[in-house]
Amino acid sequence: MFVGPKDLDLLKRIDPRLEQMVDFGWFWFIAKPLFLVLNWLNDKLAHNYGWAIVLLTILINFAILPMRLKSMKSMKRMQTLQPQIAAINAKYKNVGLRDPRKAQQNQEVMELYKKHGVSPMGGCLPMLLQIPVFFGFYKVLTVAIEMRGAHWLWVTDLSQPEHLPIRILPIAMIVAQFVMQKMTPNPSVDQNQQRMMLMLPLVFGFMFYGVASGLVLYWLTSNVVGIVQQWFINRSMGVAGAGAAAPVTPVIEARKKRSGSRR
């Protein structure tokens, strides 16, 4: 019989089979490697789990940098196609959602994307890649005994929310995500959609306000690294910020003038 904390190194020394007592959940194939790397960074380099999370997050973000570059190129191509997409939307302006011609409109848009080699989901790839890592971090902070009571700067326990009347990490995360949102080009010309995207940081802040500080630290660091990467990408590609979608008014006005001249 073993009575004691579920310390992975201790369990392994007693009997390798006891490692199975630490349940990393469905995402164990991500959570367990994350924990092992985090533990190594803490023991060998950082000597603090908070800074180990920062280092690991930087490594993860540089690993997905090629995907971020690919996503940026896809979004830039989508920006150049906005006048043509706006023309298609204007063509089917009064078509309802249940109208069979709505499918034809979607088909025309998809054919335009296919012709120019653009993926509508290309801009979501970096975010989608981070979701499994997010759940992996969540599980590590939940089950790893090593994270209990782990401190970082003003945070007394990374496995718990901040013990402050106003939590600093979630607020900093909202600000950083808003800055990154403004820096990232938005291929959409729909003003309502752009406003909804700018509301996302507040939604994330509400979701993260009551979770473990280590998880918020991971997302905050990811946003800060993303801001730096986005700045370099924008500089190298000559890309404007989120509010600078491709101008479509001249195209629509030209179509109106042509239709007016026919009358």
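None of the values given here were measured: they were computed from a predicted structure.

Procedures and definitions
- One numbering rule holds for all chains: residues counted from 1, following each sequence as written.
- Selection of residues for local features in this predicted model requires a pLDDT of at least 70, selection of side-chain atom pairs for listing and counting requires 80 or more, and totals for whole chains, interfaces and linings are taken over all residues.
- Values shown for side chains rest on all heavy atoms present in the structure; no hydrogens or waters enter the calculation.
- Numbering goes from the N terminus for both helices and strands, where a helix is a DSSP run of H or I of at least four residues and a strand is a run of E of at least two.
- Three labels apply to residues, based on accessible area from a 1.4 Å probe with only protein chains included: buried if under 20% of the type maximum, exposed if over 50%, partly exposed otherwise in between.
- Every residue pair with non-hydrogen atoms within 4.5 Å of one another is taken to be in contact.
- Using the Shrake-Rupley algorithm and a 1.4 Å probe, accessible areas are obtained, with residue cover drawn only from the displayed protein chains.
- The pLDDT value expresses, per residue, how confident the predictor is, ranging between 0 and 100.
- Each nonpolar core is a collection of buried residues, namely Ala, Val, Leu, Ile, Met, Phe, Trp, Tyr and Cys, held together in the definition by side-chain atoms within 4.5 Å.
- The length a helix should cover is 1.5 Å for every residue beyond the first.
- Here the bend at each residue means the angle between axes fitted to two seven-residue stretches, the one ending at that residue and the one beginning there.
- Orientation is described by lines fitted to C-alpha atoms, with helices fitted over the stretch in contact, and by angles between N-to-C directions that extend from 0 to 180 degrees.
- Convention used here: angles under 35 degrees read as roughly parallel, angles over 145 as roughly antiparallel, angles from 65 to 115 as roughly perpendicular, and any remaining angle as oblique.
- In this scheme, a crossing is called left-handed if the near helix is turned counterclockwise away from the far one by less than a right angle; it is called right-handed if the turn is clockwise.
- Ten residue types, Ala, Val, Leu, Ile, Met, Phe, Trp, Tyr, Cys and Pro, are classed as nonpolar, four, Asp, Glu, Lys and Arg, as charged, and the remainder, Gly among them, as polar.
- Here the term patch refers to residues with relative accessible area over 30% and no salt bridge, with like charges joined within 9 Å and nonpolar side chains (Val, Leu, Ile, Met, Phe, Trp, Tyr) within 5 Å.
- A pair is scored as a salt bridge if a Lys or Arg side-chain nitrogen falls within 4 Å of a carboxyl oxygen belonging to Asp or Glu.

## Some thoughts on the overall build of the protein
Turning to step 1, where the next piece is worked out: Each helix and strand in the protein was counted, giving 10 helices and zero strands.
Turning to step 2, where the next piece is worked out: The helix and strand sequence of the protein, counted from the amino end, reads α-α-α-α-α-α-α-α-α-α.
Turning to step 3, where the next piece is worked out: Expressed as a percentage of the 263 residues in the protein, the buried residues total 41%.
Turning to step 4, where the next piece is worked out: Within the protein, contacts between residues separated by at least 24 positions form 72% of all contacts whose residues are at least 6 apart in sequence.
Turning to step 5, where the next piece is worked out: Of the roughly 15600 Å² that the protein leaves accessible, carbon and sulfur atoms contribute 65%.

## With respect to the confidence of the model for the protein
Turning to step 1, where the next piece is worked out: Per-residue confidence for the protein gives a mean pLDDT of 77; residues scoring 70 or more make up 79%.
Turning to step 2, where the next piece is worked out: Taken element by element, the predicted model of the protein shows its lowest mean pLDDT in helix α10 (residues 249-262) (46) and its highest in helix α3 (residues 49-63) (90).
Turning to step 3, where the next piece is worked out: Note that pLDDT drops below 50 for residues 241-263; the model gives that stretch 30 contacts with residues more than four away or on any other chain.

## Describing the nonpolar core
Turning to step 1, where the next piece is worked out: Counting 43 residues, the largest nonpolar core has Leu38, Phe137, Val140, Met147 and Leu158 as its most contacted members.
Turning to step 2, where the next piece is worked out: Elements that contribute at least two residues to this core include exactly α1 (8-14), α2 (28-46), α3, α6 (125-143), α7 (168-183), α8 (191-208) and α9 (213-237).
Turning to step 3, where the next piece is worked out: What methionine 147 contacts, discounting residues up to four positions off in sequence, is Leu38, Tyr49, Ile53, Val140, Leu141, Asp157, Leu158 and Ser159.
Turning to step 4, where the next piece is worked out: Met78, Tyr92, Leu112 and Tyr113 belong to the second-largest nonpolar core, a separate cluster that totals eight residues.

## Let's talk about helix α4 (residues 65-91)
Turning to step 1, where the next piece is worked out: Taking 1.5 Å of rise per residue, the 27 residues of α4 would be expected to cover 39 Å, and the 38 Å separating its terminal C-alpha atoms lies within 8% of that figure.
Turning to step 2, where the next piece is worked out: Bending of α4 peaks at approximately 50° at the position of leucine 81, with proline proline 83 no more than four residues after it.

## Quick word on the packing of α2 against α3
In a packed pair of helices, the relevant descriptors are the angle between the two axes and the axis-to-axis distance.
Turning to step 1, where the next piece is worked out: Two numbers describe how α2 lies on α3: the axes approach to 9 Å, and their chain directions differ by 120°. Between α2 and α3, the crossing angle belongs to the class labelled oblique. Two packed elements cross with a definite hand, and for α2 against α3 that hand is right-handed. Contacts between α2 and α3 involve Leu34, Val37, Leu38, Asn39, Leu41, Asn42 and Ala46 from the former and Tyr49, Trp51, Ala52, Ile53, Leu55, Leu56 and Ile60 from the latter.
Turning to step 2, where the next piece is worked out: Considered class by class, the residues forming the contact of α2 with α3 number 12 nonpolar, two polar and no charged.

## Quick notes on a nonpolar patch on the surface
Turning to step 1, where the next piece is worked out: A cluster of nonpolar side chains, namely Trp26, Phe27, Trp28, Phe29, Leu128, Ile131 and Phe135, defines an oily patch on the protein surface of about 820 Å² accessible area.
Turning to step 2, where the next piece is worked out: Mapped onto the nonpolar patch, the elements with two or more residues apiece are α2 and α6.
Turning to step 3, where the next piece is worked out: Looking at the nonpolar patch, the element that brings in the most residues is α6, giving three residues.
Turning to step 4, where the next piece is worked out: Take isoleucine 131: it is sitting in helix α6.

## Comments concerning unusual backbone geometry
Turning to step 1, where the next piece is worked out: Look at histidine 47: it is not a glycine, yet its phi comes out positive at around 55°.
Turning to step 2, where the next piece is worked out: We note that leucine 153 has phi near 50°; this positive angle belongs to a residue other than glycine.
Turning to step 3, where the next piece is worked out: Secondary-structure assignment places leucine 153 in the loop between α6 and α7.

## A closer look at the pattern of salt bridges
Side chains carrying opposite charge are able to pair once their charged atoms draw close together.
Turning to step 1, where the next piece is worked out: Scanning the entire structure with this criterion turns up two salt bridges.
Turning to step 2, where the next piece is worked out: Put simply, aspartate 15 and arginine 17 hold a salt bridge, and the shortest N to O gap is 2.9 Å.
Turning to step 3, where the next piece is worked out: Here lysine 32 makes a salt bridge to glutamate 19, at a shortest N to O gap of 3.5 Å. Remark: glutamate 19 occurs in the loop between α1 and α2 and lysine 32 occurs in helix α2; sequence separation between them is 13 residues.
Turning to step 4, where the next piece is worked out: Taking the relative accessible area as the measure of exposure, glutamate 19 reaches 19% and is therefore buried.

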